[in-house]
Structures are given as C-alpha cells and as structure tokens.
Amino acid sequence: MRQGLPDYLENKLGRIAAAPERMSLTKKIQRVNQLKKERNAVILAHNYQIPKIFHTVADIVGDSLALAREAEKIDADVIVVAGVHFMAETTKLLNPDKTVLIPDLKAGCSLAESITAEDVMGLRKKYPGIPIITYVNTSAAVKAASDICCTSGNAKKVVEALGVPRVIMIPDEYLAQNVAKQTNVEILTWKGHCEVHERFTSKEIKQLKAEYSEAAILVHPESPPEVIEAADFSGSTAEMSDFIKQKRSDEVILLTECSMSDNLAVVHPDIKFIRVCNLCPHMQRITLDNILTSLEENKYEITIDSSIADKARLSIKRMLEI
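Every chain is numbered on its own, with residues counted from 1 as its sequence reads. Residue-level local features of this predicted model are given only where pLDDT is at least 70; pairs of side-chain atoms are given and counted only at 80 or more, and the full residue set underlies all totals for whole chains, interfaces and linings. By convention in this description, side-chain values take in all heavy atoms of the structure and omit both hydrogens and water.

1. Looking at the overall build of the chain
Now for step 1: Scanning the chain for helices and strands turns up 15 helices and 12 strands.
Now for step 2: By the compact-globule yardstick of 20 Å for 322 residues, the chain fits well, its C-alpha radius of gyration being 20 Å.
Now for step 3: Expressed as lengths along the three principal axes of its C-alpha atoms, the size of the chain is roughly 60 × 55 × 30 Å.
Now for step 4: Expressed as a percentage of the 322 residues in the chain, the buried residues total 57%.
Now for step 5: Here the analysis covers contacts within the chain between residues at least 6 apart in sequence; of these, 60% occur between residues at least 24 apart.
Now for step 6: Accessibility throughout is a Shrake-Rupley quantity obtained with a 1.4 Å probe, and a residue counts as covered only by protein chains that appear here. Accessible surface computed for the chain: about 14100 Å², of which carbon and sulfur atoms make up 48%.
Now for step 7: Of the side chains in the chain, 40 bear a positive and 44 a negative charge, and the two mean positions are spaced by 1 Å. Counting from the N terminus, the helices are the DSSP runs of H or I reaching at least four residues and the strands are the DSSP runs of E reaching at least two. We compute the radius of gyration from the C-alpha atoms alone; for a globule the expected value is 2.2 Å times N to the 0.38, where N is the number of residues. Burial classes follow relative accessibility: with a 1.4 Å probe on protein chains only, a residue under 20% of its type's maximum area counts as buried, one over 50% as exposed, and anything between as partly exposed. In this description, contact between two residues means that some pair of their heavy atoms is separated by no more than 4.5 Å. Working convention for charge: Lys and Arg count positive, Asp and Glu count negative, and His plus the chain ends are omitted. Charged side chains are reduced to one point each, which is NZ for Lys, CZ for Arg, CG for Asp and CD for Glu.

Shown next as structure tokens:
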C-alpha cells in the first residue's frame, strides 16, 4: 500500500500515468472514493472513458447495454454517470427514485442529436403500423416516442423478436444497414451517424492490413457497411472486449473510440494494440476533476418529465426483457 490506495490500483496507476502525476491522481481518487462512501454513491463508466476514470474510480464499467442492465441492480442513493447525456437519462429512467448525476451537461452524442421526438412522429405518419426501434443513443423523448430500444449488441435480436416483416430502426443508418444484412426483416433507416465511427473507411483498413498483416482489425457496427466487410471482426464494445479476453490475436487494431484500446491495454499488457482510432469529443468532457465536483456539489442532476419518462422506460424495459 502507498498513499492509501490498494496495491492493485497502484499497479494500474503505474500503467496509466507517469510518476510525476501519480501523487495528484492519488489524492483525487481518494477524495472521490471518500465522497462515494459518504453519499452512498456509485460511478458508472462507459468503455470509452479514459483510463484515469475507468480503472480508478468506476464501480461498474461496460457498454451501454451492460450499464443499462446493471443500473437496475444498484443499491445506492446517488449514481454518477461517466458517459454521455443519453446514458445518464437511461440510468435515471431505470432508477427514478435515485439521484443521477452527469459531470458535464454538454457531454452529448451526434446520434442523439440527429433525431427528435417530432421526427419519430413524422415516421409514424409516413409508415403507419410499422414498429419503431430506437437505438439507446437517443434522448428520453425519442425513446418515449418509439416502441422499443436496442443496442449495437442486441439489435438483431430485437429486430427478429418483434415477429414482423418490416421495422424502422433509428437513428444510426449504418447500424441499421449492417443489421439488415444479417436478417430477412426489412429495415427502414434514418440518416444519423456516429461522428467517431463514420470517419473510418475501407481504404484505411486495406492500408492497415498491408502494414500490419498479423493484426486483427476490429470495428464497431456503427461503422459504414464497407468498413464492416473489410474488417476481421465487428461487434459492440463488449463483444470487442470478449475478443481480446479470448486472446484470439496477439496484435489488435480497434477502429473505435481511442480510450477503448487504452483501457484494454491496461489489463492485457501481453497484447499489442496498434493505436488507430478517433476521439469522441463528448466522452472527453468527463474528467476526474468534474466527477469530483459532481459529487461535492450535486452537479448536474438528471430530471425527466414523468409524461416522457413512463413511455421511455417502457421502451427500455421491453428491450431488457428480450
């Protein structure tokens, strides 16, 4: 033990931060952990959070589906979401009686911002009777206007579970197109894109394969279909993590948000991660400092109007039941 942190955490800090920074980090980590005890609080962190958060103060980590599932099981008075706004809303929907905080209200999402509840109502008028599946990367209002939610990890299962020949999947066009190739269900799409994943190209993958012939290239289903076809593996962040844990390759290129590779490298030092990635500006807004402020000053509390919350919660619960 040193500076009051457990040995396992000290070992992780050694891989995350240079020696001059560790003392400052240790003090912040200690203060956050103290506040968690005082307030009976927990911290949820998405896989795209930086290692200084993901491996130090987070209590539950994972992709959006894992966080949604675990949120219901949490025995805490306060939940701090180290992620983006729609994740905090989802957590609040599943924990209506708990205080849910997000350290920065400007931590948004290009997908969530690409569609509104009014847009969904327009789709209902244009395609009456066709179920609307909304990706979790959407606002509570959009979820409330939809029939059921999905994530990148369960989208195909949700599509086929509805038992209909035609569905609308919003707002990620590429996710919908990629799922459509795996099922006989016709999927109508919306032109929403993730600003991280839409930038990858098949040309880039060909160049990487030529330069790193031994590396397995993993991509997210929010990427364009031609990128999926050129890669070696496509899956949600949880499925990418499982790929790494199974040691299916000693050399890996994760074409996703940069922190994903950084976090996996901490726990898999034996695997070579070739860093080719894009940063999510919204995830980067969450820091150890504003997590600390969030707990100290109760910033920023998520509230959702009950008329929206009840309907949005139903869309999420339908997904979780599947």
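Read on for the rest.
2. Description of the packing of helix α2 (residues 19–39) against helix α14 (residues 288–297)
Now for step 1: At a minimum axis distance of 10 Å, the contact between α2 and α14 shows a crossing angle of 30°. When the axis of α2 is compared with that of α14, the two are roughly parallel. In this structure, α2 meets α14 at a crossing whose hand is left-handed. Between α2 and α14, the contacting residues are Leu-25, Lys-28, Ile-29, Arg-31, Val-32, Leu-35, Lys-36 and Arg-39 on the first element and Leu-288, Asp-289, Ile-291, Leu-292, Ser-294, Leu-295 and Glu-296 on the second.
Now for step 2: Charged means Asp, Glu, Lys or Arg here, nonpolar means Ala, Val, Leu, Ile, Met, Phe, Trp, Tyr, Cys or Pro, and polar covers whatever is left, Gly included. Per-class residue counts for the contact of α2 with α14 are 8 nonpolar, 1 polar and 6 charged. A fitted line through C-alpha atoms represents every axis, and for helices the fit uses only the stretch in contact; the resulting angles, taken between N-to-C directions, go from 0 to 180 degrees. By the definition adopted for this analysis, an angle is roughly parallel if under 35 degrees, roughly antiparallel if over 145, roughly perpendicular if from 65 to 115, and oblique otherwise. Handedness of each helix crossing follows the sense of rotation of the near helix against the far helix: counterclockwise by less than a right angle gives left-handed, clockwise gives right-handed.

3. A word on the nonpolar core
Now for step 1: We call a set of buried Ala, Val, Leu, Ile, Met, Phe, Trp, Tyr and Cys residues a nonpolar core when their side-chain atoms join them within 4.5 Å. Within the largest apolar cluster, 90 residues are counted, with the highest numbers of intra-cluster contacts made by Leu-218 and Met-319.
Now for step 2: Sequence-distant contacts of Met-319, defined by excluding residues within four places in its chain, comprise Leu-65, Val-136, Ile-148, Cys-149, Cys-150, Thr-151, Asn-154 and Val-158.
Now for step 3: By size, the runner-up hydrophobic cluster in this structure holds 14 residues, among which are Phe-200, Ile-205, Ala-215 and Ile-217.

4. Thoughts on the sheet that holds strand β8 (residues 186–188)
Now for step 1: Strands are labelled as partners when DSSP assigns at least two bridges between them. Taken in spatial order, the 4 strands line up as β6-β5-β7-β8 in an open sheet, and their pairing is parallel. Single-partner strands in this sheet number two, and they are β6 (148–150) and β8. Shown here is a sheet whose adjacent strand axes are inclined to one another by a mean of 35°, direction ignored.
Now for step 2: By the bridge criterion, 3 bridges tie strand β5 (residues 132–135) to β6 in an arrangement that is parallel. Opposite Tyr-135, over in β6, you have Cys-150 as the bridge partner.

5. Quick look at the environment of Ile-291
Now for step 1: With respect to the secondary-structure elements, Ile-291 resides in helix α14.
Now for step 2: Overall, the relative accessible area of 0% leaves Ile-291 in the buried class.
Now for step 3: C-alpha of Ile-291 to C-alpha of Thr-256: the two residues are 35 residues apart in sequence and 24 Å apart in space.
Now for step 4: Setting aside chain neighbours within four positions, we find Ile-291 in contact with Val-32, Ile-43, Ile-53, Ala-82, Pro-103 and Ile-286.

6. Regarding the environment of Ile-43
Now for step 1: Inspection of the secondary structure assignment puts Ile-43 in strand β1 (residues 41–46).
Now for step 2: Classification of Ile-43 as buried rests on a relative accessible area of 0%.
Now for step 3: Ile-43 sits 248 residues away from Ile-291 along the chain, and the two C-alpha atoms are 8.9 Å apart.

7. Focus on the sheet that holds strand β3 (residues 78–82)
Now for step 1: The strand order across the open sheet built from 4 strands is β2-β1-β3-β4, with neighbouring strands paired in parallel fashion. Each edge of the open sheet carries a strand with a single partner, namely β2 (60–62) and β4 (99–101). Averaged over neighbouring strand pairs, the angle between their axes works out to 20° when direction is ignored.
Now for step 2: Here 5 bridges tie β1 to β3, and the two strands are oriented parallel to one another. In the sheet register, Ala-45 faces β3, and the bridge partner there is Ala-82.

8. Section: the side chain of Lys-98
Now for step 1: As for its position among the elements, Lys-98 is in the loop between α5 (85–94) and β4.
Now for step 2: In the sections that follow, a salt bridge refers to a side-chain nitrogen of Lys or Arg positioned within 4 Å of a carboxyl oxygen of Asp or Glu. The buried charged residue Lys-98 lacks any salt bridge partner; its closest oppositely charged side chain belongs to Asp-75, at an N-O distance of 5.8 Å.
Now for step 3: In contact with Lys-98, other than residues within four places in its own chain, are Ile-74, Asp-75, Ala-76, Asp-77, Ile-79 and Lys-92.

9. Quick notes on the pairing of β1
Now for step 1: Here β1 lies mainly inside the structure; 6 of its 6 residues are buried.
Now for step 2: Burial along β1 is two-sided: Ala-41, Ile-43 and Ala-45 facing one way and Val-42, Leu-44 and His-46 facing the other are all buried.
Now for step 3: The sheet contact formed by β1 and β2 spans 3 bridges and is parallel. Residue His-46 lies in a different strand from β2, and its bridge partner there is Gly-62.

10. As for the pattern of salt bridges
Now for step 1: Per the stated rule, a full pass over the model turns up 16 salt bridges.
Now for step 2: Residue Asp-310 pairs with Arg-313 through a salt bridge whose shortest N-O separation is 3.1 Å. Of this pair, Asp-310 and Arg-313 both sit in helix α15 (residues 306–321), 3 residues apart, roughly one helical turn.

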